[in-house]
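# Observations on the model geometry
Chain by chain, the residues run as shown.
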Amino acid sequence: MTRRKSASSLIKIFIATTALLVLAAGFAARAHSQTGRVVESDTHRFTELAEGVWHGVGTGRVHVMSNVMVLVGEFDTLVVDSHVTPTAARSLLDSLSVLTDKPVRYLVNSHYHFDHAHGNQAFPREVEIIGHSFTRQKLNGEIGNVLEETTFHSFSDGVPSTVANLERQAANESDPVRRAQLEQRASVQRDYMNAIPEVSPTPPNITLEEKMTLFQVVERGSREIQLLHLGRAHTGGDVVVYLPQERIVFTGDMMLPGLSYMGDAHVNEWPATLDALKTLDFDWVLPGHGQPFNDRAVIDNFQAYLEDLWPKVARLKDQGLSAEQAAEQVDMTNHSDNYPQLRGPGADPRAVRRIYQLLDE
Ligand SMILES: [Zn+2]
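No experiment lies behind these values; they were computed from the predicted model shown.

### Overview of the side chain of S133
Relative to the helices and strands, S133 resides in helix α3 (residues 133-139). When neighbours within four sequence positions are excluded, S133 is seen to be in contact with T207, L208 and E209.

In structure tokens:
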């Protein structure tokens, strides 16, 4: 495997001495007082939550769309999730050199969604890809074609117009600083648009149903890495990566700081799956989008939203409303303390259509 070393001038290493992680505004959060390292490449910012346990987010230079977790051991590295395109995954692989020179041995997919798994093909052939059997069936075409489904289209089809809008705004901007920012954003989105055609969904070659445990050699002995399918939730094959010794869990999109996408979800089963998550002993949740959090109330709040959305949508369906009408009318504003975007009635139509579909099964 060849791995281009990032120019050292581009690498900034910050040793933080105070709070590192700031939760997105709007989420009740306990202040973070843990000291940890933040290491940055041109494209990625990695925060160390425990020795050799890194949460990686994009810096914005490349459109990566989702977060990763990187576990660095004595001899090898395990990566969780592969970003949105092979280009994004290559930017991750390039960036790992700021953390370690140990080769990637395993890639884990938290679930099959494009923004977490369409970088799989960029990993070297010798890397084992591990995921739930459902994730394999989605990515190898046994269950539908992910490139033709609503989830992929609803997020990807708008990219060309996003590029055009940013280009137009840049052309009309007189302030040179603002203009340069808009041109930069247009350039990142244009690169993303051009990277999509290369995607060839690549499934895990090792699958699990409920649990698999890996032991990674680390300086102090071994790191227990539990891959757990706690039930259906965000998709039919969500896997969380639980580190019992470090008391950390990477949850993919099953548990985010905010509302998660529900277009492929088992909305009615999701709260029970989150109950199972809550039985694990952990301090930190590393989400597939957004910043790590350590407040378990974030989980309770999301369960409350799901448990409220399902019967409210079911009632509107009973009244004869179409899914589109129900998506406009369903009133979830009683959750606006936790989700400030809920200023008026309405929910994601893709979530409501999915609930209708589940109710019809
Ligand atoms: Zn997802």
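### Some points on the confidence of the model for the protein chain
On average, residues of the protein chain score 91 in pLDDT, and 90% of them are at 70 or above. Confidence drops under pLDDT 50 across residues 1-33; counting only partners more than four residues distant or on other chains, this segment forms 62 contacts.

### As for the coordination of the zinc ion
Within the protein, the atoms that donate to the zinc ion are H111 (NE2), H113 (ND1), H234 (NE2) and D253 (OD), at distances of 2.1 to 2.3 Å. Taken together, the 4 donor atoms coordinating the zinc ion span angles of 85 to 168 degrees at the metal, a pattern that classifies the geometry as irregular. If you list the donors of the zinc ion from N- to C-terminus, the spacing comes out as H-x1-H-x120-H-x18-D. Highlighted residues: H113 in the loop between β7 (104-108) and α2 (114-117) and H234 in the loop between β11 (221-228) and β12 (240-243), separated in sequence by 121 residues. For the residue pair H113 and H234, the accessibility class agrees, reading buried in each case.

### A few points about the pattern of salt bridges
Counted by the stated rule, this structure contains 20 salt bridges. A salt bridge links R37 to E48, with the nearest nitrogen and oxygen atoms 2.9 Å apart. Of this pair, R37 sits in strand β2 (residues 37-40) while E48 sits in strand β3 (residues 44-50), placing them 11 residues apart in sequence. Two residues, E167 and R190, come together in a salt bridge whose shortest N-O distance is 3.0 Å. Here E167 is found in helix α5 (residues 159-172), whereas its partner R190 is found in helix α6 (residues 176-195), with 23 residues between them in sequence. Overall, E167 belongs to the partly exposed group, its relative accessible area being 35%.

### Concerning the nonpolar core
In terms of nonpolar packing, the biggest core is built from 40 residues, with M262, W270, L274, L277 and L309 touching the most fellow members. Where this core is concerned, the elements lending two or more residues are β12, α7 (270-278), α8 (297-318), α9 (323-329) and α10 (349-360). Sorting elements by how many residues they give to this core places α8 first, with 9 residues. Apart from the residues within four sequence positions on either side, L274 is in contact with M254, M255, I299, F302, Q303 and L306. Membership of the second largest hydrophobic core comes to 22 residues, among which are V80, M212, I248 and F250.

Definitions and limits used
- Residues numbered from 1 in each chain as written.
- Predicted model: local features only at pLDDT ≥ 70, side-chain atom pairs only at ≥ 80, totals over all residues.
- Heavy atoms only, no water.
- Helix = DSSP H or I, 4+ residues; strand = E, 2+ residues; numbered from the N terminus.
- Contact = heavy atoms within 4.5 Å.
- pLDDT = per-residue confidence, 0-100.
- Donors = N, O, S within 2.8 Å, 3.2 Å for Na, K, Ca; no water.
- Tetrahedral: all angles 85-135°; square planar, octahedral: opposite > 155°, others 65-115°.
- Buried < 20%, exposed > 50% of the residue type's maximum accessible area, 1.4 Å probe, protein only.
- Salt bridge = Lys/Arg side-chain N within 4 Å of Asp/Glu carboxyl O.
- Core = buried A, V, L, I, M, F, W, Y, C linked by side-chain atoms within 4.5 Å.

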